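Secondary and tertiary structure notes
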Amino acid sequence: MARLLDVLREEFKLTGAKEGCGEGECGACSVVIDGRVVNSCLIPVAQVEGAIIQTIEGFAMGDTLHRVQQSFLEFGGAQCGICTPGMIVAAVNLLERCPKPTHAQIREGLAGNLCRCTGYTKIFDAVAHAAGGK
Amino acid sequence: MTQRAPLHFSLRKEGREKVTGKARYIDDLDFPGCLHGTTVRTAVPRGILKGIRFEGDLPWHEFTIVTAKDIPGKNYVALILHDQPFLVPTDGGRINHPEEPVVLLAHPDRHLLEKARRAVKLDVEALPAVFSIDDSLAKKHLIWGDDNVFKKYRVEKGDVDAAWPKAHLIVEGVYETGAQEQLYIENNGMVAVANARDGVTVWGSMQCPYYVHKALLPLFGLPEEKIRIIQAETGGGFGGKEEYPSMLAGHAALLAWKSGKTVKMIYDRAEDMVATTKRHPSRTRHRTAVDAEGKLLASEIDFVIDGGAYATLSAVVLSRGTIHAAGPYLCPNVRIHAKAVATNAPPHGAFRGFGAPQSIFALERHMNKVAKACGLTPEEFRRRNFIRDGQMTATSQTINEGVDMNRVLDRALEMSGYREKRERFARENPASKVKRGIGFATFMHGSGFTGSGERALGSIVGVEATREGRVRVLAASTEIGQGTNTIFSQIVSEALGVDESLVEVAQPDTRHVPNSGPTVASRTVMIVGKLVESASLGLKQTLLQSGFLSEGYDSAAFREGCAAYIGKHGELKSFSQYKQPPQIHWDDEKYQGDAYGAYAWAAYVAEVSIDLTTYETRVEDFVAVQEIGRVMHPVLAAGQIEGGVAQAIGFALYEKVVWKDGRMMNGQMTNYIMPTSVDLPPIRVAFEEVPYGYGPKGAKGIGELPMDGPAPAILNAIEEALTGLPQASGFGCNEIPFLPESLMKVLEKHRDSV
Amino acid sequence: MRRAGSNMRSDPRDYEWKRPARLSDALALLARKPGEWKPFAGGTDVMVLFEAGRLEHRRWLDLSLLCELREIIASGESITIGAASTYTDVQADPAIQKYLPMLGQAAAETGAIAIQNRGTLGGNLANASPAADSSPVLLAYDAEIELISESGTRRFPYSQFHTGYKQTEMRPDELIRAVHVQRPSSSCRQQFRKVGTRKAQAISKICFSGFTEFVDGRLSDVRLAFGSVGPTALRCFEAERILNGKTPAEAVSARSFAAVVSALKRDIAPIDDIRSTGEYRRKVSENLVRDFLDSL
């Protein structure tokens, strides 16, 4: 019943996913499993056998950042950075499901990722820009 | 609203690591073979520790067990009054709050450790406890000192008593604010190595490495150079990691000392919420006299904050709240009496704003009440009373900043559509099930430590060049998300004329950086940034005077000059130490004079909608206009305002700490309600710039400012929205957080009593 | 010994896990020693307890391979929703969107996307929290619940499923197989509203699901269901009795609505808890019923 979050961080040394709350409220542990964003702190690793898991470490290609990561840099979407991996995972997943989201859809899509530093404004700007701007 | 990112401003220095998940916070760092540490805490709020029992079928011999008896030096957390112990003394030690630490345990197996924690039982003789400001003031029980009062201040200007009889009107009000949890998304965590031969090294999440350093000195009785504190990448602080980390660092170090091993202690959310500091709850009483034109004649303010069980930083929180209590207004006669009192809750501590959000909430709600009593609009009342250059504040500081509050307010009202909306809402509300309102708050916030505080700190910054022409900033100021690394690099780059890519900021490590003071009090840009600037200019001077560099140099010449200088002298470093600007005069005894070198000035406007079915208030739009000296970096500056406004919206409408006998009962993110992305409005920010001579390029501090304005602006808007509802007449709404449950009571009490 | 470095409060080594590939294997295990194994679907409730160190039961039966429990089938007069359907599955299903919009709404307002991708309808019902958002909706739709065990299936009104606070009709050898809902007529009116502490990631303070048919312009078969105002989700039978047979205008007349309010006070039993007060819940419940009636 080991948590997927712990297996990622301790066995695979993929420390991008963070533990912020241990209750599936903050989204700092967000990863994508078979195309769906989930809180890895709530997933027993036994349930992911055979699944494809995508973590924050998988988005950049070498030195080239994913366009969402680049947007976060340009628009100030990250301050302390602790929520950022989960936020970017959720944002990338949102854009894959909904390539041209409205502002309301961006807000909804990120509602499960808490950020205490930014007030979300620049996160929305970054995601909207990555989606192709308005 | 999407805007083009201004690409000619630098990207966040450590941004790439943060967006790729490569940034390593303390729990991400690998310390092979380390032990995990945990804390056994009291359940009882006040009592005498009679015994500690180790129950359960556990291999206790495998555990490192630390109690107060194991402390090599002295058992207090050095801060101001040194009254807080690291661990409750054994054998009859006093317990003064729930969750007070008693026993520390360490073991390689984290899960077994948790079982052990639950198996340690404390025998406590309970004593009666105090949980409210009133009970503390009334000395229901004496729980601290001889009168439960940590600190008192009294500020006097003019003659308040002589003014009352001359008043055209006198208006009174009482305002309360609740505790607020900082809720950084990264919990507190520390890793320590400690032994008598090598000393103590601690890595961790923190804002102030030198505070931790200072606290561990008496704990271990070691000389300064044997204690080394290193800040790891820190996931938010907001004041919650100003003083508390000293406690956790001491705990990890004590376990490391006793076990001879590296010890890692990371709190989970539940422990972090219930055991660490929160914003001080407050109660403010206002009594205000005005003349027939609605001008302030006299103001008497009684400001009380609840400090929890130990003094910690309450005296300073009280100070800031006191100085900000009378606001950006001209009032010839002022008396402020302020107290910080003890209760049996975990000590309250630093949280962005540090006393000012509390006293400013009261003031800005009260100013609206006074305006109404005078028959003036909130706007007109403010304009008649704004302080101007040449006039004196409550502490008799003559303002000379060249700032015009009318202009700041103009801009905020214009950006928010205030007048048009106010009129429209008044027209449309009667027929609408959803009531709308718009309200504002005007305020100022002092940058840096109060009065002689900066002089007492004597902050030092170093700048060092390498042979390759790279420049490193040496400062204890930490990056906690606000942009320290980026701004310092920018300052050096501008001062030296070298590309930012060649500048780096050294990791705050007390072995390698001087004490530039704590990362608090909105001082990092204005005070420390100025030192970074002057140290850089000093470095440049040194090179120029050495002959290894001439004016008008390019980066190649700079590199060669550094290499040559270092070749000859071995190193190239320049230091700068804070000197108080000569015109700042402050009297600590009388609490009079120039409280701050500079203030940022602001007007914030909140638009709300109230759903009368559910009594929920939603902030629909928010405008924040502030004058801040100089905008050093538009993205970082706006980011600070937006984030602070979001936290303050939480303070006003969502974030309630549910207390039971001194213990936080809703210590989970499910039940402590922070606004999500769908709860917050668009936050629109604008800046004015009137440069301050002693800030780098004229910059003032802005980190805490945005915490002050939203709560009163929102409640002022709620009051507007409810105008015209008969059951809301006499609406006081004077307490935050203002929950739907509170609004329901306000609106329904009238109906039920019929 | 594998380094155990996580921060949460339970020891995974104390727990046992089985993940059968077939439903028959799962049922056989449950039947062998009833109560020994408990079903685990999406885990969004169980894992929170686990992390808080409060998960007493040690043996968990993972249902995630049993895809026959996850189908949503619309046929003729009814829609069958497999118990292992996630909230995301529910929201995305075209038949649910068209005929059972309140169920989709409840799913969309539970937690946020990451929770919706994992939480299941069956898990929500079996967990039996009075704050479950799907419960009042299923009461308002007069749904049936189907339980399955090695000895067969049984199907009965969902209204009989909850027997007390966090108690259900389920035997230890049973799983929830599906929920069955009759397609409502096209003349029905329905309204769902969840009132939480915030707009996402919130446990409901009050959850309302209202439904009515019309006969000759008069309310018929009114169903007023609430969550979070009693030990289980509930229907307001007294209030419904007053409303049946009235026109919408009559229903909201002063006298009639006063009677409805009195009846509601007897139908619901809200308490003070960490999220809200009984007084608030009572008042808002009245307001929600009023809004529903006003909308008709």
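A quick note: this is a predicted structure, and the numbers were derived from the prediction, not measured. (Residues numbered from 1 in each chain as written. Chains lettered and ligands numbered in written order. Predicted model: local features only at pLDDT ≥ 70, side-chain atom pairs only at ≥ 80, totals over all residues. Heavy atoms only, no water.)

Residues and elements named next belong to chain B. What the 3 strands build is an open sheet, ordered 4-2-6; its pairing is antiparallel. Looking at the sheet topology across the chains shown, the edges are occupied by strand 4 (94-95) and strand 6 (120-126). Running at roughly 30° to strand 6, helix 2 (residues 110-119) makes contact with strand 2 (47-54) and strand 6 of the sheet. (Pairing = 2+ DSSP bridges. Helix = DSSP H or I, 4+ residues; strand = E, 2+ residues; numbered from the N terminus. Contact = heavy atoms within 4.5 Å. Axes fitted to C-alpha atoms, helices over the stretch in contact; angles between N-to-C directions.)

Listed as interface residues are 49 residues of chain A and, on the opposing side, 58 residues of chain B. For the pairing of chain A and chain B, the buried interface totals around 4,300 Å² over both sides, and the portion due to carbon and sulfur atoms is 55%. When the area that chain A buries against chain B is broken down by residue, the three leading residues are L73(A), Q79(A) and R116(A), summing to 20%. Counting every contact that joins chain A to chain B gives 6 salt bridges. Linking K13(A) and D30(B) is a salt bridge whose minimum nitrogen-to-oxygen distance equals 3.7 Å. Between chain A and chain B we count 26 residue pairs in polar contact (both at pLDDT 80 or more) in total. Secondary-structure elements contributing two or more residues to the side of chain A that touches chain B are helix 2 (67-75), helix 3 (84-97), helix 4 (103-109) and helix 5 (121-130) of chain A. (Buried area = accessible area lost by both parts, 1.4 Å probe. Salt bridge = Lys/Arg side-chain N within 4 Å of Asp/Glu carboxyl O. Polar contact = N/O pair within 3.5 Å; in protein donor to acceptor, adjacent residues only side chain to side chain.)

Relative to the helices and strands, Q668(B) resides in the loop between strand 26 (663-664) and strand 27 (683-688). The exposure class assigned to Q668(B) is partly exposed, which follows from its relative accessible area of 28%. A C-alpha to C-alpha distance of 57 Å links Q668(B) and Y553(B), two positions 115 residues apart in sequence. Once residues lying within four places of it in the same chain are set aside, the contact partners of Q668(B) are E23(A) and M273(B). (Buried < 20%, exposed > 50% of the residue type's maximum accessible area, 1.4 Å probe, protein only.)

Residue and element names in this part refer to chain B. The strand order across the open sheet formed by 6 strands is 7-15-14-13-8-28, and the pairing between neighbours is mixed. With one partner strand each, in any of the chains shown, strand 7 (149-157) and strand 28 (735-736) form the two edges of the open sheet. In terms of strand pairing, strand 7 meets strand 15 (residues 333-341) through 8 bridges, oriented antiparallel. Bridging from a neighbouring strand, K157 pairs with V334 of strand 15. The strands touched by helix 8 (residues 314-323) within the sheet are strand 7, strand 14 (296-306) and strand 15, with strand 7 carrying the most contacts at an inclination of about 20°.

Quick look at the pairing of strand 8 (residues 169-177) of chain B now. Residues and elements named next belong to chain B. The sheet contact formed by strand 8 and strand 13 (residues 282-290) spans 9 bridges and is antiparallel. Each residue of the ladder has a partner; that of V174, found in strand 13, is R285. Direction of pairing for strand 8 relative to strand 28: parallel, over a ladder of 2 bridges. Across the sheet, E176 pairs through a bridge with E735, a residue of strand 28.

All right, on to the packing of aromatic side chains then. All names here are of chain B. Tallied over the entire structure, the rule returns 26 aromatic pairs over all chains. Aromatic side chains Y244 and Y267 sit 6.0 Å apart centroid to centroid with 55° between the ring planes, which places their arrangement in the tilted category. Taken as a pair, Y244 in helix 6 (residues 244-259) and Y267 in the loop between strand 12 (263-266) and helix 7 (269-275) lie far apart in primary sequence, 23 residues in all. Ring centres of Y692 and Y694 lie 5.8 Å apart, and the angle between their planes is 55°; on these two criteria the pair is classed as tilted. Its relative accessible area of 37% is what places Y694 among the partly exposed residues. One aromatic cluster is present, built from ring pairs that chain together F54, W60 and F63. One residue, R279, lies across the ring of F351, its end atom 4.2 Å from the ring centre. When the ring centre of F449 is taken as origin, the NZ or CZ atom of R523, which lies over that ring, is 5.7 Å away. (Phe/Tyr/Trp six-rings, centres within 6.5 Å; stacked < 30°, edge-to-face > 60°. Lys NZ or Arg CZ within 6 Å of the ring centre and 35° of its normal.)

The next subject is helix 12 (residues 278-294) of chain C. Three- or four-residue spacings in an α-helix give side chains the same orientation, since the helix completes a turn every 3.6 residues. Here helix 12 of chain C is 17 residues long and its end C-alpha atoms lie 24 Å apart, about the 24 Å a rise of 1.5 Å per residue gives. A large share of helix 12 of chain C lies buried, amounting to 13 of its 17 residues. (Expected span 1.5 Å × (residues − 1).)

Counting residues in hydrophobic clusters, the biggest one holds 138 residues, and the most contacted among them are I714(B), I718(B) and F226(C). Ranked by residues supplied to this core, first place goes to helix 17 (residues 634-653) of chain B with 10 residues. When residues are assigned to domains, this core turns out to be shared by domain 1 (4-58) and domain 2 (67-130) of chain A, each giving three or more. Among all residues touching I714(B), those that are not within four sequence positions of it are A606(B), V608(B), V619(B), I649(B), A652(B) and L653(B). If you look at the next biggest cluster of nonpolar residues, it comprises 62 residues, including A315(B), A342(B), V370(B) and W601(B). (Core = buried A, V, L, I, M, F, W, Y, C linked by side-chain atoms within 4.5 Å. Domains from an automatic or database assignment.)

All names here are of chain B. Two elements in contact, helix 14 (residues 484-496) and helix 15 (residues 524-546), have axes separated by 9 Å at closest approach and are oriented at 35°. Considering only the axes of helix 14 and helix 15, their crossing is right-handed. In this structure, helix 14 contributes T484, I487, F488, I491, V492, A495 and L496 to the contact, and helix 15 contributes T524, V525, V528, G529, V532, E533, S536, L537, L539 and K540. Here the residues of the contact of helix 14 with helix 15 are counted per class, giving 11 nonpolar, 4 polar and 2 charged. (Left-handed = near helix turned anticlockwise from the far one by under 90°. Nonpolar A, V, L, I, M, F, W, Y, C, P; charged D, E, K, R; others polar.)

All names here are of chain B. As for its position among the elements, Q507 is in the loop between strand 19 (503-505) and helix 15. For Q507, a relative accessible area of 47% translates into the label partly exposed. Sequence spacing of Q507 and P581 is 74 residues, and the spatial spacing of their C-alpha atoms is 29 Å. Apart from the residues lying within four places of it in its own chain, the contact partners of Q507 are I230, Q231, A232 and V513. Engagement of the side chain of Q507 in a polar contact is seen with the backbone oxygen of Q231, the distance being 2.9 Å.

Another point: helix 2 of chain A. Of all the 9 residues making up helix 2 of chain A, 7 are buried; the element is thus mostly covered by neighbouring parts of the structure. Considered for burial, the residues of helix 2 of chain A that qualify are V68(A), Q69(A), S71(A), F72(A), L73(A), E74(A) and F75(A). Packing partners of the buried residues in helix 2 of chain A comprise helix 3 and helix 5 of chain A together with helix 1 (15-20) and helix 17 of chain B. In the segment just after helix 2 of chain A, G76(A) is the residue with positive phi, at about 75°.

All names here are of chain A. You can read the domains of chain A as domain 1 (4-58) and domain 2 (67-130). Summarising the inter-unit geometry, the C-alpha centres of domain 1 and domain 2 are found 18 Å apart. Linking domain 1 to domain 2 there are 0 salt bridges. At the junction of domain 1 with domain 2, the criterion picks out 4 residue pairs in polar contact (both at pLDDT 80 or more). Secondary-structure elements contributing two or more residues to the side of domain 1 that touches domain 2 are strand 1 (30-33) and strand 2 (36-39). Examining the composition of the side of domain 1 that touches domain 2, we find that 3 residues originate from one element, strand 1, more than from any other.

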